[in-house]
There are 2 protein chains.
Amino acid sequence: MAGLSARVHRMNEFIEKASPAKSVRRRGGRKREAAPSPVAAPFVTRGIPFFSLLDDDALERVENEADTLLQEVGMEFRNDPETLAIWRDAGASVDGERVRFDKGMLRAIIQKSAPREFTQLARNKKRSVPIGGNKTIFAPAYGPPFVRSLEFERRYATLEDFRNFVKLTYMSPWLHYSGGVVCEPVDVPVSKRHLDMTYAHIRNSDKAFMGAVTSAERARDSLDMARILFGPETLEENCCLMGLINVNSPLVLDATMLGALKVYARAGQGTIVSPFIIAGAMGPVTIASHLSQALAEGMAGIALAQLVRPGAPVVLGILSTAIDMRSGAPSRGAEPMLTLMAYGQLARRLGVPLRGGGSFSASKIPDTQAGIEASSFIMMSVLSGANVIIHAAGSHENGLCMSYEKFMSDIDTLGQMARLLEGIDVSRDEFALDAYREVGPGEHFLGCAHTLERYQTAFRESPLSDKSSYEQWREDGSLSMSERAHAQWKSQLASYERPALDIAVDEELQEFMARRKAVLPDGVA
Amino acid sequence: MAGLSARVHRMNEFIEKASPAKSVRRRGGRKREAAPSPVAAPFVTRGIPFFSLLDDDALERVENEADTLLQEVGMEFRNDPETLAIWRDAGASVDGERVRFDKGMLRAIIQKSAPREFTQLARNKKRSVPIGGNKTIFAPAYGPPFVRSLEFERRYATLEDFRNFVKLTYMSPWLHYSGGVVCEPVDVPVSKRHLDMTYAHIRNSDKAFMGAVTSAERARDSLDMARILFGPETLEENCCLMGLINVNSPLVLDATMLGALKVYARAGQGTIVSPFIIAGAMGPVTIASHLSQALAEGMAGIALAQLVRPGAPVVLGILSTAIDMRSGAPSRGAEPMLTLMAYGQLARRLGVPLRGGGSFSASKIPDTQAGIEASSFIMMSVLSGANVIIHAAGSHENGLCMSYEKFMSDIDTLGQMARLLEGIDVSRDEFALDAYREVGPGEHFLGCAHTLERYQTAFRESPLSDKSSYEQWREDGSLSMSERAHAQWKSQLASYERPALDIAVDEELQEFMARRKAVLPDGVA
C-alpha cells in the first residue's frame, strides 16, 4: 500500500507539472466558457506522396473482381422496397431483394456526381474539416460499450464517460473531429441515447461531429439538432453532419442502415459507407477477397447515396480483420494493414475520400501490446492516404473497451503521425552548409547559428513520451507511460472549460430533446 | 505478496503451455546439441515496392549537398597516415588530416567496385544471409551496457546475459543474424571481451555474426577466429564476418575505426559504415542536413574500403536522432523515421545495401511507450528498404539497456513486419469468387471450401499478442504482454540446445582464445 500511495503521489506531481490549464491561460485564453482548446491545425495536410503498394494491373484485377461479384452474386437490400425501386429505376437487375449490377454501372454513377473532396462544417468555423484529397483528420473511437482506467476495472460506459471523451477530444490538438459514439452511454435508454450523445458533442465541443445511424428516425433527430445548431439554410447548403453506415457484410445492407443512409443523403449530409469484414465470418480468409468485396459493398452504398441525391458527400470506408486461429477472435496484424494500403489506392482511383481504421489493439490493458498494435495500425492507416481516421484514439479489446490512458497515449502517437505526413523540407537552408563551414569536423553544433535559430521548433515534442535519463526517470517516480497518461487526462478534465454556445440555441436544443424524450419509449430496442 | 505469487504462478502456467521445447521435439529434431531452432526463412524477401518519399529532384539536391560538403569542408581521418596516403594516391586533396574530394569522386570509386548485393556465410550454410537488393535481415541490439527484466532491476550486463541473448536469437525464427555486441559483457575485461563475444556467437549459435571493431588488433582476433571456424580458403573467398564501423560524426573517422575498417576490407570481409548523428550535437537540427551529412560520411568510409580492396562487401548505414528540447536527450520520433525512408532511396541510387535502425525506444521499461516507439520505428525501417536491420530486438533507453521482455515482444513484431513485406497475393483463387457463389449475401464463410483450405495458414499468428476474450484473459491470469514475454524467454532458455560444432574446431578456438588472453592485459582500455 505504501508503494501504491507513493505512485499516486508521483502521478499527482506529474499532474501539477503537466497541467495544460496554465499554458492555455498563458496563451491568453478568455475567461470561463471561452478558453480555446489548443489547436495545432484543424486538419493534417499530407506532404508526402501516396504509396503504390499494388501496381495498376493488380488494382484493375481487384476492380474487375468487384464488378464480377456485383454482377453475378449481387447485393441484398433487405426490408426496404424504396431502395429496390431506386435500383430498378437506375437500371439494375432486381430479383426479390437481390440486386445485380452491370459491370461499371456503380462506378459510373459515383463518378458522375460524388465529390472528390468536401468540407464538413464545425460550429466553430475555424475547426471545419476538409475531407478528401491530401487531407487527413483524426477522430476518437466509435462504439465501445466498456470503459476502464488505472482508477477502476473495466465497467460499462456511462454518459459521463461519453462527455469526458468529448471534452478530452475537444482539448486535443491532434483530434480534429469530435466523432460519433465515442463510447456507448449504457446508463441511458437505447431509444434516447442518440439525443444525449448529439447534445454532448454540440455542448462540450465546437468540433465537427457525427449523428445517429441506428434507425432512420434517430438519424432524423440528429439532423434536426444539427438544423437548430447551424440553421436550416446552412444545413441545406453544407455538410454539417456525417453518419457512419456499416455494411452488413457480406453483401447486405439492411433497412436500418439504408434508412439512415437515405436520411443523411437526402439532406445533403455525409455518409461513410464502411464494409466490416471479419475474415472467415463476413468474408473469406484472403486479403484480395476483402479488397474486392469491400469495394463492391462500398460502391453499392455510395452509389445509392448519389441516386438519392446527386452530389451528396460520401466517404468510402473499410474495416477488415484477420482472424486468430487459436481463439477465433478478430485480429489486426500485417494483413489488415496491407488491405488498407491497397484500399487507399482503390479509393483514389474511384475518386472518393477514404475512411481508414485507427489505433486498434486486441489487448485488454494499456501495455506493450497495446502500444505495438495501435501505433502499427495507425501508421499504416496514415500512410494509406486515409482522409478520415476513426478509432484514432482510445479503444482496446478490438474496439470493445475505451481506456482513458490509452486515449491519451494514442493522441500522443497522432501528433507523431501528423509530423510524419509533413515529410521532409529540402529547401536550401535546411542543408545547413554554413553550419558545417562554421563548426567543422569533430565539433558539435549546439551553439552554432543554424541550431540556435531552429532548435525550439526543429522536432516535435511528445508530451507523454519519457526521454529523460534513467536517473531522472527514477527520481520522477519511475512512472510508466500509462501512469503519466493517467495524470494527464485527470489534469485535462480538471482544467476543461466548455466553449461558448448561443443561449437561445442551447435552449432550443434542450427543448427539442425534452419533447423527443417524452414520446420515445424507455425500452432497450 | 499473495497477488505477486499468484501472477508468478500464472506466468509459470503460461510457460508450460508455451514451451517451444515440446513443439521443437515434435517436429522431429535430433537429440542433444542438434535440435534445430525454428526457421521461418533465413531472410525476408520484399514483395512490396520501395516507397519514393522524395522525388528525383530532391534526391539529387541531397547528393549535390553531400558532394559540396565533401569538396568544401571535407572529412578528417585522424592519426592514420596510411589512410591519408591511400586518399592522396586516389587523387583526393589532403591537407594535414583534412581530406577534400572532387564532386562525384567517391561515388565513382564506389560504383566501380562495391557489390550491390553479397552473401555473408553462416557456419550453418542454410542460414547464410543475402545482403542487399530486396532482402531484409533482422539482428538484435548492439552495445547496451545494461540489462533488466521483470525479475531484476537494471544492472550491468554480463557474459551470461550475452550468451542468453545469443541463444534467444538463435532460437528465434525472426532474427536472421546473430549480431555483434548484443550487450556489453561488463564482467569481462575490455581487452579480452571481444574473444568471449565472438566465441559465444560461434558456440551458441549457427547464424552469421559480426566481429570486433574497437581496435585493429581486436578486429584481427575476430578474423582469426572466423578463419578457424570457416577455414582459410572459405574466408578468403567469401564474406564470413562483418564489422560495424561507426563514423565519429561530424565528418571524422578516427584511427580505431579506420584500423578495423581496413582489417575487414583487406580480408575481403564486410563493413557497415554508419554515421551516428544526434541532432544538435553531431549534426544540425534538420532532416535534410542529416541526409547529406550521412551520405557524405558513409560514402567516404565505403569508398575507402573499396580502395583498400576493390569489391570488398560494404553496407551504407545511418543512425540519426532528433533531440528532446526538455532534456537534451536524443529522441526518435517522426523525423528520424523520415530520414531513414529518404536515406533508403539514396542507398539504392548509390547502389549499395542499406543498414537501418531498429526497435528503438527511450522508455526505461517495457510499457506502452516502448511498444509505440519500437514498432513505429521498425515499421519505417522495414518500409525504407533497409537490408540489414540492427537493433531489431531488445533494447530500450535509446539502446543503453537490454530488456529480456522487450526482446521477446520486439521479435513478435518482427514476425509481423516480415509478413508485411510479403505484400498481397492477387492471384485468381485469392479472390474467392466461388466462395461468394457458395455462401451468398448475409451468410458466413466459416465452413466454405475456400476457408477450410486456407484458414490454418491464412494469417500470421503472433505467439505473444493476446487475442482472447476479456473473460478468457482474466481466467488466464490477466497477464500483460511483458509478463507473457517473461514466461516465454524463461521457457526458451530452459529448452535451449546448442547446435553441434566440430570438436577439433572448438578446441582450436579455445586454444586461440587462451593464447590471446595470456598476452592481453586485464586493463580497462
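Quick caveat, the model's predicted, so the values are computed rather than measured.

Regarding the packing of aromatic side chains
Residues and elements named next belong to chain B. Scanning all chains against the criterion turns up 25 aromatic pairs over all chains. Aromatic pair Phe77 and Phe101: ring centres 6.5 Å apart, planes at 80°, arrangement edge-to-face. Highlighted residues: Phe77 in strand 2 (residues 75–77) and Phe101 in the loop between strand 4 (98–100) and helix 5 (105–113), separated in sequence by 24 residues. By the burial criterion, Phe77 is buried, and Phe101 matches it. A centroid spacing of 5.9 Å and a plane angle of 80° characterise the contact between Tyr170 and Tyr496, whose relative ring orientation is edge-to-face. Of this pair, Tyr170 sits in helix 6 (residues 159–171) while Tyr496 sits in the loop between helix 18 (481–495) and helix 19 (503–519); the two residues are 326 residues apart in sequence, bridging distant segments of the chain.

Concerning the sheet that holds strand 4 (residues 98–100) of chain A
Across a sheet, strands are paired by hydrogen bonds formed along the backbone, either parallel or antiparallel in direction. Residue and element names in this part refer to chain A. Reading across from one edge, 3-4-2-11 is the order of the 4 strands in this open sheet, with mixed pairing throughout. In this open sheet, the two edge strands, each paired with only one partner strand, are strand 3 (93–95) and strand 11 (252–253). For strand 2 (residues 75–77) and strand 11, the ladder comprises 2 bridges, and the chain directions are parallel. Residue pairing in the sheet places Phe77 in a bridge with Leu253 of strand 11.

Re the pairing of strand 5 (residues 117–120) of chain B
As a general feature of sheets, a regular strand has side chains that alternate between the two faces. Residues and elements named next belong to chain B. Only one face of strand 5 is covered, namely the one carrying Phe118 and Gln120; the face carrying Glu117 and Thr119 has none of its residues buried. Pairing of strand 5 with strand 6 (residues 129–132) involves 4 bridges; the strand directions are antiparallel. In the strand pairing of strand 6, Gln120 is matched with Val129.

Quick notes on the domain arrangement of chain A
Here the domain parsing of chain A yields domain 1 (13–423 + 468–525) and domain 2 (433–461). Once you take the C-alpha centre of each, domain 1 of chain A and domain 2 of chain A turn out to be 42 Å apart.

What about the side chain of Ser178 of chain A?
All names here are of chain A. Locating Ser178 in the fold gives a position in the loop between helix 6 (159–171) and helix 7 (190–204). The exposure class of Ser178 is buried, given its relative accessible area of 0%. There is a polar contact of 2.8 Å between the side chain of Ser178 and the side chain of His201. Leave out the neighbours within four places in its chain, and Ser178 touches Pro140, Val166, Thr169, His201, Ser205, Lys207, Ala208 and Phe209.

So, the relation of the copies chain B and chain A
Aligned on chain A, chain B shows an RMSD of 0.0 Å; the corresponding rotation is 180° and the shift along the axis is 0.0 Å. Such a turn and shift between the copies fits a two-fold axis. Here 100% of the contact residues of chain B are again contact residues in chain A; the copies associate through an equivalent surface.

Thoughts on helix 14 (residues 404–422) of chain A
Residues and elements named next belong to chain A. Relative to the 27 Å expected for 19 residues at 1.5 Å per residue, helix 14 spans 28 Å between its end C-alpha atoms, a close match to the ideal helical length. Regarding helix 14, its N-cap is Ser403, as a side-chain oxygen of that residue lies 3.3 Å from the backbone nitrogen of Glu405 further along. Once helix 14 finishes, Gly423 follows within two positions and takes phi at roughly 80°, a positive value.

Some thoughts on the environment of Pro366 of chain B
Counting through the fold element by element, Pro366 of chain B comes out in the loop between strand 16 (355–356) and helix 13 (368–383). Excluding residues that lie within four positions of it along the chain, Pro366 of chain B makes contacts with Thr368 of chain A together with His396, Ser403, Glu405, Lys406 and Ser482 of chain B.

Comments concerning the interface of chain B and chain A
Of the residues lining the interface, 120 residues belong to chain B; the matching set on chain A comes to 120 residues. Taken together, both faces of the contact between chain B and chain A bury some 10000 Å²; the carbon and sulfur share is 68%. Linking chain B with chain A are 10 salt bridges, by the criterion used here. Measuring nitrogen to oxygen at the nearest pair gives 2.9 Å for the salt bridge that ties Arg474 of chain A to Glu153 of chain B.

Some points on the sheet that holds strand 8 (residues 146–148) of chain B
All names here are of chain B. Read from one edge of the open sheet, 4 strands run 9-8-19-18, paired in mixed fashion. Edge strands, defined here as strands with exactly one partner in the open sheet, are strand 9 (155–156) and strand 18 (395–396). As paired strands, strand 18 and strand 19 (residues 401–403) are joined by 2 bridges and run antiparallel to one another. Its bridge partner being in strand 19, Ser395 is matched across the sheet by Met402.

Observations concerning the packing of helix 7 of chain A against helix 19 (residues 503–519) of chain A
Helix packing for two helices is described by the angle between their axes and how far apart those axes are. All names here are of chain A. Two elements in contact, helix 7 and helix 19, have axes separated by 10 Å at closest approach and are oriented at 170°. With respect to helix 19, the axis of helix 7 lies roughly antiparallel. Every residue of helix 19 that contacts helix 7 at Lys192, Leu195, Asp196, Tyr199, Ile202 and Arg203 is listed here: Asp506, Leu509, Gln510, Phe512, Met513, Arg516 and Lys517. The residue makeup of the contact of helix 7 with helix 19, split by class, is 6 nonpolar, 1 polar and 6 charged.

Details of unusual backbone geometry
A cis amide bond, omega 5°, links Ser249 of chain A with the succeeding residue Pro250 of chain A. When you line up the elements, Pro250 of chain A lands in the loop between strand 10 (242–247) and strand 11. Phi angles above zero are rare outside glycine, and Glu397 of chain B is one such case at about 50°. In this fold, Glu397 of chain B is placed in the loop between strand 18 and strand 19. A relative accessible area of 6% means that Glu397 of chain B is categorised as buried.

Focus: the environment of Leu253 of chain B
Residues and elements named next belong to chain B. Turning to its location among the elements, Leu253 is positioned in strand 11 (residues 252–253). It is 54 Å that separates the C-alpha atoms of Leu253 and Tyr455, two residues lying 202 residues apart in sequence. In this view, Leu253 contacts Met75, Glu76, Phe77, Arg78, Ile245, Asn246, Val247, Asn248, Leu258 and Gly301; residues no more than four positions away in its chain are not counted.

Notes on the packing of helix 8 (residues 216–230) of chain B against helix 10 (residues 255–266) of chain B
Residue and element names in this part refer to chain B. Viewed as axis vectors pointing N to C, helix 8 and helix 10 meet at an angle of 30°, and their least axial separation amounts to 8 Å. In this view, helix 8 runs roughly parallel relative to helix 10, as classed from their interaxial angle. Seen along the crossing, helix 8 lies across helix 10 with a hand that is right-handed. When helix 8 is examined against helix 10, the residues Ala216, Ala219, Arg220, Ser222 and Leu223 are found in contact with a partner set consisting of Gly259, Ala260, Val263 and Tyr264. Across the contact of helix 8 with helix 10, the residue classes break down as 6 nonpolar, 2 polar and 1 charged.

Things to note about the side chain of Thr169 of chain B
Residues and elements named next belong to chain B. Along the chain, Thr169 turns up in helix 6. The buried category is assigned to Thr169, whose relative accessible area is 1%. Here Phe165 takes part through its backbone oxygen, which lies 2.6 Å from a polar atom of the side chain of Thr169. Not counting chain neighbours up to four residues away, the residues in contact with Thr169 comprise Pro140, Leu175, Tyr177, Ser178, Lys207 and Phe407.

Looking at the pairing of strand 14 (residues 319–323) of chain A
All names here are of chain A. Counting buried positions along strand 14 gives 5 out of 5 residues, so the element sits mostly inside the fold. Of the two faces of strand 14, the one carrying Leu319, Thr321 and Ile323 and the one carrying Ser320 and Ala322 are both buried. As paired elements, strand 12 (residues 270–278) and strand 14 share 3 bridges and run parallel to each other. Within strand 14, the position partnered with Ile277 by the bridge is Ser320. The pairing of strand 14 with strand 15 (residues 330–331) spans 2 bridges and is classified as antiparallel. Bridge assignment links Ala322 to a residue of strand 15, and that residue is Ser331.

Remarks on the confidence of the model for chain A
Residues and elements named next belong to chain A. In the predicted model, chain A carries a mean pLDDT of 93, and 93% of its residues have values of at least 70. pLDDT under 50 marks residues 19–37. Its contacts with residues more than four places away, or in other chains, come to 30 contacts. Scored as a complex, the prediction yields pTM 0.94 and ipTM 0.93.

Quick word on helix 4 (residues 81–90) of chain A
Residues and elements named next belong to chain A. Among the residues of helix 4, those classed as buried are Thr83, Leu84, Ile86 and Trp87. Down the axis of helix 4, the buried side of the element spans an arc of 155°, and every buried residue falls inside it. With respect to the buried face of helix 4, the exposed residues turned more than 90 degrees away are Pro81 and Asp89. Residues of helix 4 that are buried in the fold lie against strand 2, strand 3, strand 4, helix 5 (105–113), helix 10 (255–266) and helix 11 (287–308). Residue Gly91 follows helix 4 closely and has a positive phi angle near 105°.

Describing the state of the cysteines
All chains considered together, the criterion is met by 0 disulfides over all chains. In this model Cys240 of chain B remains outside any disulfide bridge; the closest cysteine sulfur is found in Cys239 of chain B, 6.8 Å from its own.

A short note on the pattern of salt bridges
Across all of its chains, the model carries 65 salt bridges over all chains by this definition. Notably, a salt bridge pairs Asp434 of chain A with Arg437 of chain A, separated by 2.7 Å at the nearest N-O pair. With a gap of 3 residues between them, Asp434 of chain A and Arg437 of chain A both fall in helix 15 (residues 433–439), about one helical turn apart. Here Asp434 of chain A falls in the exposed class, since its relative accessible area comes to 57%. Residue Arg437 of chain A is classed as partly exposed on the basis of its relative accessible area, which comes to 44%. A salt bridge links Glu151 of chain B to Lys490 of chain B, with the nearest nitrogen and oxygen atoms 2.4 Å apart.

Cut-offs used in this document
Residues numbered from 1 in each chain as written. Chains lettered and ligands numbered in written order. Predicted model: local features only at pLDDT ≥ 70, side-chain atom pairs only at ≥ 80, totals over all residues. Heavy atoms only, no water. Phe/Tyr/Trp six-rings, centres within 6.5 Å; stacked < 30°, edge-to-face > 60°. Helix = DSSP H or I, 4+ residues; strand = E, 2+ residues; numbered from the N terminus. Buried < 20%, exposed > 50% of the residue type's maximum accessible area, 1.4 Å probe, protein only. Pairing = 2+ DSSP bridges. Domains from an automatic or database assignment. Polar contact = N/O pair within 3.5 Å; in protein donor to acceptor, adjacent residues only side chain to side chain. Contact = heavy atoms within 4.5 Å. Least-squares fit on C-alpha atoms with pLDDT ≥ 70 in both. Expected span 1.5 Å × (residues − 1). Buried area = accessible area lost by both parts, 1.4 Å probe. Salt bridge = Lys/Arg side-chain N within 4 Å of Asp/Glu carboxyl O. Axes fitted to C-alpha atoms, helices over the stretch in contact; angles between N-to-C directions. Parallel < 35°, antiparallel > 145°, perpendicular 65-115°, else oblique. Nonpolar A, V, L, I, M, F, W, Y, C, P; charged D, E, K, R; others polar. Left-handed = near helix turned anticlockwise from the far one by under 90°. pLDDT = per-residue confidence, 0-100. Arc of directions from axis to C-beta. Disulfide = S-S within 2.5 Å.

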